[in-house]
Amino acid sequence: MTQQTGQTAFATRSGEPAALADGTAGDIDLDQLEYLFHKGSEIPEEQRHAWLSALDAPSGIRGRLSALLEADTSNTRGWLTSRLGVTAAPAEHSLLHERLGPYRLAREIGRGGTGVVYLGERESDEFQQQVAIKVMSTLATPAAERQLRRERQLLASLEHPGIAHLYGGGDTDQGQPYIVMEYVRGAPITHACREREIPLRTRIKMLADVARATHFAHQRLVIHRDIKPANVLLREDGRPVLLDFSVAMHTEDRDEQIQPWFTPAYASPEQRRGESVSTATDIYSLGLLLFELLTDRAPPPLDSANKLPHPSRTVTGRRARIFRGDLDLIVARATSPNPSSRYPSAEALADDLERYLANRPVLAAPENIPYRLRKFAARNPFAAGAALVVVAIASLAGWRLAVERDRALAAEATALHEARSAEAATTFLVDLFGEADPSTGRGANISPLELVGRGVQRLRKAALSDRERTRMLTTLARLYNKLGQPTEAAELLQADIRLAASSTVTARERVELLRELAVALDRKGDFKHSEAAARQALRISESAGLRQATAITRAQLGLTLSRQGNISNAENVLRQAVDEHTEVFGAKSAETASAKGYLADLLRSAGRLAEAGPLMADAVASMRRALPPEDQKLISLLGFHAQLLRELGDRTGAEQVLQEMLAHRKASLDPNSDLIASVHNELGMLYHQDGRTRDAINQLTKALHISEATLAADDPALAISYNNIASLSEEIGDYRSAERFFRKALGIVEQQREAHPPVIAMFRQNLGRLLMLAGRADESKHYLESPVPPGETTELTDTRIRQSIHLAEWHRRYGDPAEAVRWLDDAESLVAQHGRKNSTRHAAALRIRGLLEKSAGNVEVAHTLLIEAYEQLVIARGQRYIGTAEIALELAELELASNSIEEASRWLAEAATIIPSVVSPNSPLAIKLAEIQARLPLPRNG
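Residues numbered from 1 in each chain as written. Predicted model: local features only at pLDDT ≥ 70, side-chain atom pairs only at ≥ 80, totals over all residues. Heavy atoms only, no water.

Section: the overall build of the protein
Working step 1: Along its length, the protein carries 41 helices and 13 strands.
Working step 2: A fraction of 62% describes how many contacts in the protein between residues 6 or more apart in sequence connect residues 24 or more apart.
Working step 3: In the structure as shown, the protein presents an accessible area of about 39,400 Å², 50% of it carried by carbon and sulfur atoms. (Helix = DSSP H or I, 4+ residues; strand = E, 2+ residues; numbered from the N terminus. Contact = heavy atoms within 4.5 Å. Areas by Shrake-Rupley, 256 points an atom, 1.4 Å probe, with all protein chains shown as cover.)

And the structure:
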């Protein structure tokens, strides 16, 4: 909650005459007066006289401004209300020292035209707490009161470390609505930065943090509309916090009563014109705030083209030189007069600021090779002076690929060293670099992916020896893999796979080619062929005594075995790989950390989280010490870490790690990279587990669009994306879309000549379950009864448990209850045998058994089983999961049938907090909720 006076936002309408403090329209430039008033109100009183004297403004404005600032010292409302054309009303009764709930109003810390902000204190035997309480004035208009209630509702959805927390709210005895919020001890960010002389880089990082908090609000469809220094406080610990959503709006809110309030000095052009606002409006205000943080000056009036002057033109000396270039461009893009020309999101602005801090090319800068190379040289001063082929490879990869080289592969350094001695290979790379030379007219706006593609075309025509061709193939395939294009990498290597057996190619070169092929196939989901390539590479490296290559290849083999669910063999292989890495590279090396990460992920997939946690933490710590934050090896390890954090229940930590991955991958990869899609997919899974279904659908849709744009129509990886979207569509009750996507997924995997049997079985189960829910009994049974292949892998065991549960549910709905019990017994036996107690599968089995007991008239037994199922599901998936709401609805129905109205109301309220926000209005769950609400002999709000 802001601690401010006189910083109330204004409501203006385009074309309406403004009123001055005396109620008369004047010939003074009112916009300029407002701008100077807000600037002057932030200056300490003892310094205002000197500031006014030095002000370059007409004497009329200075006189009026002096009077306004003097009035602001005691009460600004008179001018503010007259500015709005509202007659000032007498002062109202103060609530000072009274109590609101558990809080005593200790002192007034802010006052505006529509209310007062108090410092609230709560004291008890256990703890003390201070909060900020905004109380609506009894004199406020109905529109202002609606705005505060809307603010309270919006803040309830904004739980973020960079946004002031909402603790609650209510109405006073006089009917005044109020909000209880976090009391932020701090000062406006611009004032704090000046007073503390905070360095420029730290200020830029702070603005990036504010932009990410703003993006979080935008993701929840909330536009702040009034971002300015007074609404961004710097905590005592140096962390910025965004507050005061008093004029915020929901993007789906079309209530015409929402006032177009804003602070003129930080308003966007569209706000000033009275046009509709969007997330681009907040981005404009963030750009103005960045300008002030850079220059220590409030944003000046716009020029004739409605543009803000560049920061470099408002300062002199060293700061002007620093601002000139990237920072000027970033501010200019954020504050573009045209909303569509600004950054597409607040997150994109934050990403660009972090690119600037990392000496990486910013998106606001024009695309040209010299600029990219200057940035590369700034990041890598030693590499910039290396031999010709290193420069050629860095140029080939472009600015993005420079950070994508796999430093964990020691053999790569040797391969590159040998490549320098091959004149033909050098000529090949230098010629390819010429493709990107802007002076030739061929290199304009060429992406790294396009450049690698041209390299492939040249390679097919080049007259090279087998050794030279092998080096180039491996290098280009590695670049494809690092760009998140495993399909292209695999096709490239498989087209010349004969080189893996060529007698003129060294053992090291053959190992690298085969291992790169194994990596590409693994990322494609073709685990069987990935395993074959890794085993062949391992045999060659062991026979040749290549210790480093052997360790790295063994780790890749272990990873591929792990992905197939072959836990026992994978663990043996990976533990040996970790030992080899420790001996060859050292215990704290990045290479060893990578192998440990593979082993920790295997333990996670086996459910051995207590073992996986410390091992993964050690691996991540070692990798962070050894590599820069944007290194692809570290980013890949963070993907494993995020999965583990999610399963350990630390969803906030998992989201932070995934967002870190996404930021780095977006900065260095093609937008359609498979590696970016994988992070969107992981975020979707995380949000789904957290009950944030809308966010989950958004992330999975992004992943699907990338997959459809880059993969062949029959690629197995595309099937995974279809399956994920189908699962969420089923969850929200959109059975038509779910069936379409499930059939697409199943069609892809069934067409594969070497399809993975557990995947086929899982997809058939998914389609069968959907058809069962849709009421198509016979067709669903055909898929649900499809045999599960023999084997003892984790995937197959899980598929057998799912099949038993699905068939039990089918018989409960359409078949024989006794047969349903038989399938449940089978499922619970497998659950107990494989340590799956307290899992979602076990909860599903308990639910079905409870519903069978209910049908048999055993109400008490049914109640006990459903409660146990509910509690297990809350532990496994959280209280916001749609499955917990479904069981809550069934418990409400059970209690209602037993005439336990109070308990039925409680369970119904539990379900009603989740179901409407997740499912579509016409879904079966939504219909069932409405039916039970109608049967309840109490008000629906319970």
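From this point, the discussion proceeds with the structure in view.
Here we look at the environment of glutamate 779
Working step 1: In this fold, glutamate 779 is placed in helix H33 (residues 777-784).
Working step 2: Each C-alpha atom, one on glutamate 779 and one on leucine 767, is 9.8 Å from the other, the two residues being 12 residues apart in sequence.
Working step 3: Other than its neighbours up to four places away in sequence, glutamate 779 contacts Arg743 and Leu771.
Working step 4: A polar atom in the side chain of glutamate 779 sits 3.0 Å from the side chain of arginine 776. (Polar contact = N/O pair within 3.5 Å; in protein donor to acceptor, adjacent residues only side chain to side chain.)

Some words on helix H31 (residues 735-751)
Since there are 3.6 residues in each turn of an α-helix, residues three or four apart along the chain are aligned in direction.
Working step 1: For H31, which comprises 17 residues, the first-to-last C-alpha distance of 24 Å matches the rise-based estimate of 24 Å (1.5 Å per residue) to within 8%.
Working step 2: The secondary structure elements touched by the buried residues of H31 are helix H29 (693-710), helix H30 (716-731), helix H32 (757-773), H33 and helix H41 (924-935). (Expected span 1.5 Å × (residues − 1).)

Points about the sheet that holds strand S8 (residues 186-188)
Working step 1: What the three strands build is an open sheet, ordered S8-S10-S11; its pairing is antiparallel. In this open sheet, the two edge strands, each paired with only one partner strand, are S8 and strand S11 (240-242). Within the sheet, the average angular offset between the axes of one strand and its neighbour, ignoring direction, is 35°.
Working step 2: Of the strand pairs in this sheet, strand S10 (residues 232-235) and S11 are connected by three bridges, and their pairing is antiparallel. Within S11, the residue paired with leucine 234 across the bridge is proline 240. (Pairing = 2+ DSSP bridges. Axes fitted to C-alpha atoms, helices over the stretch in contact; angles between N-to-C directions.)

Remarks on the side chain of threonine 314
Working step 1: Tracing the chain through its elements places threonine 314 in the loop between helix H9 (279-295) and helix H10 (318-323).
Working step 2: Setting aside chain neighbours within four positions, we find threonine 314 in contact with Phe291, Thr295, Arg297 and Pro309.

With respect to the sheet that holds strand S2 (residues 99-100)
Working step 1: Strands sit in the order S2-S3-S4-S5-S7-S6 across an open sheet of six strands; the sheet is antiparallel. Strands with a single pairing partner mark the edges of an open sheet, and in this sheet they are S2 and strand S6 (166-171).
Working step 2: As paired elements, strand S4 (residues 115-123) and strand S5 (residues 128-136) share nine bridges and run antiparallel to each other. Residue pairing across strands places tyrosine 118 opposite isoleucine 133, the latter belonging to S5.

Things to note about H30
Working step 1: Spanning 16 residues, H30 covers 23 Å between terminal C-alpha atoms, matching the ideal 22 Å at 1.5 Å per step.
Working step 2: Burial of H30 is extensive: 13 of the 16 residues sit out of reach of the surface.
Working step 3: Glycine 733, located one to two residues past H30, shows a positive phi value of around 90°. (Buried < 20%, exposed > 50% of the residue type's maximum accessible area, 1.4 Å probe, protein only.)

Description of unusual backbone geometry
Working step 1: Unusually for a residue other than glycine, histidine 97 sits at a positive phi of about 75°.
Working step 2: Inspection of the secondary structure puts histidine 97 in the loop between helix H4 (77-83) and S2.
Working step 3: The class of histidine 97 is exposed, set by a relative accessible area of 52%.

Let's talk about the packing of aromatic side chains
Working step 1: As enumerated under the stated definition, the model contains four aromatic pairs in all.
Working step 2: Aromatic pair tyrosine 870 and tryptophan 907: ring centres 5.0 Å apart, planes at 80°, arrangement edge-to-face. Highlighted residues: tyrosine 870 in helix H37 (residues 859-877) and tryptophan 907 in helix H39 (residues 901-912), separated in sequence by 37 residues. Across the pair, exposure class does not vary: tyrosine 870 and tryptophan 907 are buried alike.
Working step 3: Between arginine 740 and the ring centre of phenylalanine 741, over which it is positioned, the NZ or CZ distance is 4.5 Å.
Working step 4: Positioned over the ring face of tryptophan 823 is arginine 822, at 4.7 Å from the centre of the ring. (Phe/Tyr/Trp six-rings, centres within 6.5 Å; stacked < 30°, edge-to-face > 60°. Lys NZ or Arg CZ within 6 Å of the ring centre and 35° of its normal.)

Some details on the pairing of S6
Working step 1: Relative to strand S7 (residues 177-182), S6 runs antiparallel, the two being bridged by five bridges. Each bridged residue has a counterpart across the sheet, and for aspartate 171 the counterpart in S7 is proline 177.
Working step 2: The turn linking S6 back onto S7 is made up of five residues, and glycine 175 within it adopts a positive phi angle of 85°.

Some words on the environment of serine 465
Working step 1: Relative to the helices and strands, serine 465 resides in the loop between helix H17 (448-461) and helix H18 (466-482).
Working step 2: Accessibility expressed as a relative area gives 35% for serine 465, which makes it partly exposed.
Working step 3: Serine 465 sits 39 residues away from threonine 504 along the chain, and the two C-alpha atoms are 8.8 Å apart.

Looking at the pattern of salt bridges
Working step 1: Within the structure shown, the criterion is met by 53 salt bridges.
Working step 2: Arginine 604 is the partner of aspartate 601 in a salt bridge, and the nearest nitrogen-oxygen pair spans 2.9 Å. Of this pair, aspartate 601 and arginine 604 both sit in helix H24 (residues 590-605), three residues apart, roughly one helical turn.
Working step 3: What makes arginine 604 buried here is its relative accessible area of 10%. (Salt bridge = Lys/Arg side-chain N within 4 Å of Asp/Glu carboxyl O.)

Description of the confidence of the model for the protein
Working step 1: When the pLDDT values of the protein are averaged, the result is 78; 78% of them are 70 or greater.
Working step 2: In this model, residues 1-28 is a region of pLDDT below 50 whose contacts with residues beyond four sequence positions or in other chains number 84 contacts.
Working step 3: Contacts from residues 380-427, a stretch scored under 50 in pLDDT, to residues over four places away or in other chains number 94 contacts. (pLDDT = per-residue confidence, 0-100.)

Digging into the packing of H24 against helix H25 (residues 609-626)
Working step 1: Running from N to C, H24 and H25 cross one another at 155°; their axes reach a closest spacing of 8 Å. It follows that H24 is roughly antiparallel to H25 by the angle criterion. The chirality of how H24 crosses H25 is left-handed. Contact residues: H24 offers Ala590, Ala593, Ser594, Lys596, Gly597, Leu599, Ala600, Asp601, Leu603 and Arg604, while H25 offers Leu609, Glu611, Ala612, Leu615, Met616, Asp618, Ala619, Ser622, Met623 and Ala626. (Parallel < 35°, antiparallel > 145°, perpendicular 65-115°, else oblique. Left-handed = near helix turned anticlockwise from the far one by under 90°.)

Here we look at the environment of arginine 510
Working step 1: Relative to the elements of secondary structure, arginine 510 occurs in helix H20 (residues 507-524).
Working step 2: Residue arginine 510 is classed as partly exposed on the basis of its relative accessible area of 21%.
Working step 3: Beyond its immediate stretch of four places on either side in the chain, arginine 510 contacts Leu499, Ala500, Ala501, Ser502, Val505 and Ile540.

Observations regarding the side chain of glutamate 509
Working step 1: Counting through the fold element by element, glutamate 509 comes out in helix H20.
Working step 2: Side chain to side chain, glutamate 509 and arginine 471 meet in a polar contact 3.3 Å long.

Some details on the packing of H20 against helix H22 (residues 547-563)
Working step 1: Packing of H20 against H22 brings their axes to within 11 Å, and their N-to-C directions diverge by 20°. Classified by the angle between their axes, H20 and H22 sit roughly parallel to one another. Judged by the twist between their axes, the crossing of H20 over H22 is left-handed. Facing Val511, Arg515, Ala518, Val519 and Asp522 of H20, the residues of H22 in contact are Ala549, Ile552, Thr553, Gln556, Leu559, Thr560 and Arg563.
Working step 2: Class assignment of the residues belonging to the contact of H20 with H22 gives a composition of six nonpolar, three polar and three charged. (Nonpolar A, V, L, I, M, F, W, Y, C, P; charged D, E, K, R; others polar.)

Comments concerning the pairing of S10
Side-chain direction in a regular strand flips from residue to residue, so the side chains alternate between the two faces of the sheet.
Working step 1: Burial along S10 is two-sided: the face carrying Val232 and Leu234 and the face carrying Leu233 and Arg235 are both buried.
Working step 2: As paired elements, S8 and S10 share three bridges and run antiparallel to each other. Paired with proline 188 across the two strands is leucine 233, which belongs to S10.
Working step 3: Counting the residues between successive antiparallel strands, the hairpin from S10 to S11 contains four residues, one of them, glycine 238, with a positive phi of roughly 90°.

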